[in-house]
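Examining the three-dimensional arrangement
Listed below are the residues making up each chain.
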Amino acid sequence: MATLLVKNIHTLVTMDDDRREIPSGALFVRDNVIEQVGTTAELDTEADEILDLEGHHIVLPGLINTHHHFFQTLTRVIRAAQNSDLFGWLQSLYPLWSNLTAEGMYYSSQMAAAELMLSGCTTASDHHYLFPNDCKLDDQIRAIAPLGLRFHASRGSMSVGESKGGLPPDSLVESEAAILQDSQRLIETYHDNNRYGMLRLVLAPCSPFSVSTDLMRESAKMARAYPGVRLHTHLAENKGDVEYSLETFGMMPEDYAESVGWLGEDVWHAHCVKLRDRALEKFGHTGTGVAHCPCSNMRLGSGIAPIRKMLNHHVPVGLGVDGAASNDASNLLHEARTAFLLARVKDEDPGAITAREVLEIATRGGARVLGRDDIGYLAPGMAADFIAVNCDRPQFVGTASDPVAALIFCQVDGVDYSFINGIKVVENGQLLTGELPLIQAQCQKLATQLVS
Ligand SMILES: [Zn+2]
């Protein structure tokens, strides 16, 4: 048993049920679990390790990323895909992605995870949907484990190629039998549904324009046979996506999702830019979640998701940076700020969303979307996943009246400390669990190979 006391926290943002913010706060952690939350005076106790933050840091629950494609770190800012919409962008990138190898998957996953962790992410879900050459989801799982990031790995898939009316080339799709067999193998090998589990599995057919109705139904059936295995896909991302749904299935995306059993508390959809009011009501009633990816939606000119309306309809909303080839960053703090600004643009209303609501989406919201009741806020019995940001930095000058809101109002690039499952993974803004220069060099080499 090991204990940790974090004390003299300038403001401890608990995000608990009362949304308490505790001045001169302290946290007491035993192993991987928070045991006490209070003021520094209240938690005056001994511990194996003491982290004295000297009154300069804001501490908050670790941020949660609910949508990403780590492998795309190898193909950022590709010239031919810089100015295309979703379908054109995908069609420019598919040929490059068909060169992906297991080694590329390994290092791009580590690179993306490192960027996320340095920007405050303590839990991430990745949506990996293509398996050319020697790629297996095991390579990604193997890559993330040593970094200590809490991880929801998605066994994504594509089964409808161009010759059958889908968007991806036939060479990049798999047979549905092979997809389902591998999905079952991965769940049975890796899925940990215990409280504080570090690795869970998700089944994630890529999108309505790359998989069949059958695969959607069969994936849902399989996921629901295993407690805690959730379902994830892309939905209603842009105008073209909606048109494809109407032409191919004769239904709006939300109706298609419902027809294949893809509404419910165990499902979350990425983007949902084009969902209408009626769909938002359905999502709210059924508890179907959304991964909001504002940077990607702006970058691809897809539109602006109606986040205020989603929140009003009680739709569970989490934040996602989306793939590294359509952001083209993996910075979750930046994403939160963008979500904040964009919601105000969408409604032409500076009251559309507050800084604290955005922090809530990034923490509690993400936890709900991923189906977790052990992360997302800081309270006794919750996982010890928390981050600290030093307010003694240029961006915080002049923000003494509300440094918590300044986390969102002012652009903060990274965190100073991060603990995941009680383990210190970032210290003084440096990653402790991986050799960043090595990961970066390997990734750069593999990216060059992939593109050439
Ligand atoms: Zn995506």
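Described in the following lines is the structure provided in the data block. (Residues numbered from 1 in each chain as written. Predicted model: local features only at pLDDT ≥ 70, side-chain atom pairs only at ≥ 80, totals over all residues. Heavy atoms only, no water.)

**Regarding the packing of helix α4 (residues 176–190) against helix α5 (residues 213–223)**
A pair of packed helices can be characterised by two numbers: the angle between their axes and the separation between those axes. One way to put it is that α4 packs onto α5 with a least axis distance of 11 Å and a crossing angle of 20°. Our classification of the angle between α4 and α5 gives roughly parallel. In this structure, α4 crosses over α5, and the sense of that crossing is right-handed. Residues Glu176, Ile179, Leu180, Ser183, Gln184 and Ile187 of α4 lie in contact with α5, whose contacting residues are Asp214, Leu215, Glu218, Ser219 and Met222. (Axes fitted to C-alpha atoms, helices over the stretch in contact; angles between N-to-C directions. Helix = DSSP H or I, 4+ residues; strand = E, 2+ residues; numbered from the N terminus. Parallel < 35°, antiparallel > 145°, perpendicular 65-115°, else oblique. Left-handed = near helix turned anticlockwise from the far one by under 90°. Contact = heavy atoms within 4.5 Å.)

**Describing empty space enclosed by the protein**
Considering all chains together, one arrives at two cavities of 30 Å³ or more under this definition. When its volume is computed, the largest cavity comes out at roughly 130 Å³. At four residues, helix α1 (residues 86–97) tops the list of elements feeding residues into the lining of the largest cavity. Split into classes, the residues belonging to the lining of the largest cavity amount to nine nonpolar, seven polar and two charged. The computed volume of the second largest cavity comes to approximately 50 Å³. Pro61, Gly62, Ile64, Thr122, Asp374, Ile375, Gly376, Tyr377, Leu378, Ala383 and Asp385 are the residues that line the second largest cavity. Class assignment for the residues of the lining of the second largest cavity results in six nonpolar, three polar and two charged. (1 Å grid on protein atoms, 1.4 Å probe; cavity = no way out; pocket = protein on both sides within 12 Å on 5 of 7 lines; lining within 4 Å. Points joined across faces, edges and corners; volume = space filled by probe spheres on them. Nonpolar A, V, L, I, M, F, W, Y, C, P; charged D, E, K, R; others polar.)

**Examining the coordination of the zinc ion**
Coordination of the zinc ion by the protein involves His67 (NE2), His69 (NE2), His234 (NE2) and Asp322 (OD), with metal-donor separations of 2.1 to 2.4 Å. If you look at the zinc ion, its four donor atoms make angles of 87 to 172° with each other, and the shape they trace is irregular. Expressed as a motif, the donor residue spacing for the zinc ion is H-x1-H-x164-H-x87-D. Pair noted here: histidine 67 is in the loop between β6 (63–65) and α1 and histidine 234 is in strand β10 (residues 230–235), with a separation of 167 residues, a long-range link. By the burial criterion, histidine 67 is buried, and histidine 234 matches it. (Donors = N, O, S within 2.8 Å, 3.2 Å for Na, K, Ca; no water. Tetrahedral: all angles 85-135°; square planar, octahedral: opposite > 155°, others 65-115°. Buried < 20%, exposed > 50% of the residue type's maximum accessible area, 1.4 Å probe, protein only.)

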